[in-house]
Each structure stands twice: as C-alpha cells, then as structure tokens.
Amino acid sequence: MKLKMICLAAAAAGAIAPMAALAQSTVTIYGKMDTSFENSKTGSISQTLITGNASRLGFKGVEDLGGGLKALFGLEMGVSSDTGAASTPMYRNSYVGIGGDFGVVNIGRIDSAAPSRTPIYAILSRNIEYVIHDAGATAIGTSIFNARTRVSNAIGYASPVIGNFVFRAGHYLNGEGLAETPAGPIRFEGDYKQTDVSISYGEGGGPVGLGLGYGTDSKRGGALLNDFKNKWMLVGSYDFGEVRAWAVYNRDNFVGGPLSRSKVDAQMIGASWDLTPTSKVMANYIRKDVQSDPAAKLKRFQAGYSYKMSNRTSLYAFYDRQDPNNRVANDVIRVYGVGIQHNF
C-alpha cells in the first residue's frame, strides 16, 4: 500500500512539473524619466518652465501557454516628472492579450507600447524620427497628424512580419473617452466607433520603409459640423547610413462648412544625421491646412541635438517654432530648451 502511494505521488509530480514549467511567466519593469528646462514665447509673452515629457513607469509580462501561444499583459502609468504628479488619465496603457504564429491580439487601453501598437501611429513612428521625443513642446503625432496614439475600450491586432510587411488593425468604442450622457448623441460606448488599419513595409529590416494607413469615425446620429470623418496617411523613409530621411503626407476629412475646410492636408519632410556614434541632429518641417480657416496654413520647424552619455541616458537640446495660422499676427510660438532623458 505504501509503495502504491509513493508511485502515485511520483506520477502526480511528473504530471504537474511540465504544467508548472508551462505556467512560468516573466514580468519586466521599465520606464523613462525625461525632464527639460525650457523658454517658451508666444507672441510677445515669454516664460521659463521645467517640463516633464511623457515620463512613465510600466509593467509588462509574458506567460508561455504552450503550443506556440503566449499570454501578454501591460500596465503603464504616466508621471509628470517635473511635479511628481500622475498624468491624466493615470494609466497610459492597460491591456491583456494573446500572441502566437498568427500575430498578436490585445484588448483594453492600447497605445504604441502595446504589442499590437496603434495602426496609424505605428507607421508614423516606424518611419520618422521625432525631435528628441513626441511629447511636450515638440509633440506632433497627435497634435499635427491626428495619429491616435492612445485609445481606450480598444481591441488591436498586428500580424507577424510576412515578406517584410506587417498589417495592423484597431477598433475602439468611444476610444477618446467623450462624455456619455442619456440625452446626448453618445449615450454608451458603442455610440462612437473608430477603426484604424495600416500596412507597413520594412519592419523586417532594410533601408526602405513605407507605410499606408486609414482611419474612420462613426457617431450615433451622424457627424456634426466640423467633426472629423476619416483620414489617409502615407509615409516613407530611407536610411542612407549616417543620414536618414523621411516624408509624410496626411489627409483628414471633416464635415466642413462655409467658413471651414472639408479636407485638411498636412505634409512633413525631415532628416537625421549621426554626427558620431553617440551624437546626432534631427529636424522636421511641417505644413498643414488650418481646418477652421480655408485660407490659412500652419507652418512649423523643429530641430534637436542628442548626445548619448550611455545606452540609457542622453542629454539633448531643441528648438521649435510654430505659426498656428499664417493669417493671424503675433501668434507664433517659439520654444527652446535643454534636458536629460533616462530609460530603464
């Protein structure tokens, strides 16, 4: 009897051991602290300030489920590094998902750090370089290109790399978190739907990068005057070695009126130059139609210098000049500053 019990115990242990091995998971703690000392001048009004630039603390994990499947999760908190306060909303992403040979699917609050990423922002950030960061005074991903970098109530998909191509799709229910009211056009999450898709070439390697993206909005009751309807983005880049160059064309379609545009075009050209293995300069020039003024243009130039003190720590300097409306006097915004960024 005793021998039988020992045999049963050994068999159970043998069965449990592989299951325990499969259940092993890894959790990564990561983040970024990025703070700059800046001078900002709008028209004739000047101010000096210290700014936190999308600093963050995150946790992400992978669990091997066997059979080529993996469970994924992420939780990333935004921090205002200049004050120590949490960002609004507090969490930049919060998702769970499944990955395998088919690609990856995740659901929750998704951004560019999630495994699927967000489709339009993914092709933008894959091909261009931001001047130091896409945050603070030099931010352009959302403010200029409406690239939907971070969305709530979302489900996202990214394919594996197939012939150097990656396909991405995202569907969001009230992804921007607009107010849901019983009397309003948006009563529930499902009353405001957004969908983005993109295809990217070059993610498997090589000097050429290309991306094509499309996004659309749908509201209960239809779009109102000056509401966004849909968009197209085309972006390309080429890596010459020490020099890398890129170009972006973006069209956003709106419900225009007699005093506003239905089609808003934006173009950008830019380049970066590796001066040494540890230092580089980068610059972008942008023109964009002003939606609220059919005769006006937004014009923007930005340039930066980055010096790597290590693989994780960089010092930087930047300059950004934006004329939001070339038909309005005394509205030019000029910002210059220096900062330090540490990734961990």
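Everything discussed here concerns the structure shown above.
Calculation criteria
Residues numbered from 1 in each chain as written. Predicted model: local features only at pLDDT ≥ 70, side-chain atom pairs only at ≥ 80, totals over all residues. Heavy atoms only, no water. Helix = DSSP H or I, 4+ residues; strand = E, 2+ residues; numbered from the N terminus. Buried < 20%, exposed > 50% of the residue type's maximum accessible area, 1.4 Å probe, protein only. Contact = heavy atoms within 4.5 Å. Areas by Shrake-Rupley, 256 points an atom, 1.4 Å probe, with all protein chains shown as cover. Lys, Arg positive; Asp, Glu negative; His and termini not counted. Charge placed at Lys NZ, Arg CZ, Asp CG, Glu CD. Phe/Tyr/Trp six-rings, centres within 6.5 Å; stacked < 30°, edge-to-face > 60°. Lys NZ or Arg CZ within 6 Å of the ring centre and 35° of its normal. 1 Å grid on protein atoms, 1.4 Å probe; cavity = no way out; pocket = protein on both sides within 12 Å on 5 of 7 lines; lining within 4 Å. Points joined across faces, edges and corners; volume = space filled by probe spheres on them. Salt bridge = Lys/Arg side-chain N within 4 Å of Asp/Glu carboxyl O. Core = buried A, V, L, I, M, F, W, Y, C linked by side-chain atoms within 4.5 Å. Pairing = 2+ DSSP bridges.

Trainee: Can you help me understand the overall build of the chain in this one?
Mentor: When helices and strands are counted, the chain shows 2 helices and 17 strands. Buried positions account for 40% of the 344 residues belonging to the chain. Of the contacts made within the chain by residues no fewer than 6 positions apart, 53% connect residues no fewer than 24 positions apart. A total accessible area of about 17400 Å² is found for the chain, and carbon and sulfur atoms account for 64% of it. Computing the positive centroid from 35 side-chain charges and the negative centroid from 28, the chain places the two 1 Å apart.

Trainee: Sorry if this is basic, but what is going on with the environment of Thr 181 here?
Mentor: Here Thr 181 is to be found in the loop between β8 (165-173) and β9 (192-201). Looking at Thr 181, the relative accessible area reads 36%, which means it is partly exposed. When residues no more than four places from it in sequence are discounted, the contact partners of Thr 181 are Ile 186 and Arg 187.

Trainee: It is not clear to me how the packing of aromatic side chains should be interpreted in this structure. Could you clarify?
Mentor: Two aromatic rings, taken as a pair, are described by how far apart their centres are and by the angle between their planes. Taken as a whole, this structure holds 5 aromatic pairs when the rule is applied. For the ring pair Tyr 214 and Trp 232, a centre distance of 4.7 Å and an interplane angle of 50° mean the geometry is tilted. Of this pair, Tyr 214 sits in strand β10 (residues 208-219) while Trp 232 sits in strand β11 (residues 228-239), placing them 18 residues apart in sequence. A relative accessible area of 45% means that Trp 232 is categorised as partly exposed. When the ring centre of Tyr 30 is taken as reference, the NZ or CZ atom of Lys 60 above it lies at 5.1 Å. Here Lys 219 stacks its cationic end above the ring of Tyr 192, 5.4 Å away from the centre of that ring.

Trainee: I tried to follow the environment of Ser 80 on my own but got confused; where do I start?
Mentor: Structurally, Ser 80 is set in the loop between β4 (69-79) and β5 (86-100). Residue class for Ser 80 comes out partly exposed when judged on its relative accessible area of 23%. Counting along the chain gives 47 residues from Ser 80 to Met 33, while the straight-line C-alpha distance between them is 9.0 Å.

Trainee: In this structure, what is going on with helix α2 (residues 119-127)? I would like to understand it.
Mentor: Every α-helix winds through 3.6 residues per turn, so residues three or four apart in the chain are directed the same way. A large share of α2 lies buried, amounting to 8 of its 9 residues. Looking at the buried positions of α2, the neighbouring elements they touch are β8, β9, β10, β11 and β12 (243-254).

Trainee: Looking at this structure, how should I read the layout of surface pockets?
Mentor: A water-sized probe, rolled over the atoms, reveals where empty space remains. Each pocket or cavity is described by its volume, and for the second largest pocket that value is around 200 Å³. Lining the second largest pocket are Arg 109, Thr 142, Asn 146, Arg 148, Thr 149, Arg 150, Val 151, Ser 152, Gly 175, Glu 176 and Gly 177. A per-element tally of the lining of the second largest pocket places strand β7 (residues 150-158) first, with 3 residues.

Trainee: Explanation requested: the pattern of salt bridges in the structure shown.
Mentor: Where side chains of opposite charge bring their charged atoms close, a pairing between them can arise. Within the structure shown, the criterion is met by 16 salt bridges. Across the salt bridge formed by Asp 217 and Arg 148, the nearest N and O atoms sit 2.5 Å from each other. Of this pair, Asp 217 sits in strand β10 while Arg 148 sits in the loop between α2 and β7, and the two are 69 residues apart along the sequence. For Arg 148, a relative accessible area of 8% corresponds to the buried category. Residues joined by salt bridges that share partners form a network here, namely Glu 129, Arg 244, Asp 274 and Lys 280.

Trainee: In this structure, what is going on with the nonpolar core? I would like to understand it.
Mentor: When a protein is soluble and globular, its nonpolar side chains tend to lie buried together. One finds Leu 124, Ile 128, Ile 140, Phe 145, Met 233, Val 248 and Met 268 to be the most contacted residues of the largest nonpolar core, which totals 20 residues. The element that contributes the greatest number of residues to this core is α2, accounting for 4 residues. For Met 233, the residues in contact, after removing those within four places along its chain, are Ile 120, Ile 123, Leu 124, Phe 145, Gly 211, Leu 212, Gly 213, Val 248, Tyr 249 and Asn 250.

Trainee: Which parts of the structure should I look at to understand unusual backbone geometry?
Mentor: Leaving glycine out, the prevailing phi sign among residues is negative, and the prevailing peptide bond configuration is trans. Cis geometry is found at the peptide bond from Thr 88 to Pro 89, where omega equals -5°. Locating Pro 89 in the fold gives a position in strand β5. Despite not being glycine, Ile 132 shows a phi value in the positive range, around 75°. Relative to the elements of secondary structure, Ile 132 occurs in the loop between α2 and β7.

Trainee: Would you mind going over the pairing of strand β1 (residues 25-42) with me for this structure?
Mentor: Successive side chains on a regular strand alternate, one facing one side of the sheet and the next facing the other. Pairing of β1 with strand β3 (residues 55-66) involves 8 bridges; the strand directions are antiparallel. Looking across to β3, one finds that Ser 25 is bridged to Glu 63. As paired strands, β1 and strand β17 (residues 333-343) are joined by 11 bridges and run antiparallel to one another. Residue Ser 40 lies in a different strand from β17, and its bridge partner there is Val 335. Bridging between β1 and strand β2 (residues 45-52) involves 8 bridges; their strand directions are antiparallel. By the bridge assignment, Ser 36 is partnered in β2 with Thr 51. Two successive antiparallel strands, β1 and β2, enclose a turn made up of 2 residues, where Gly 43 displays a positive phi of approximately 65°.

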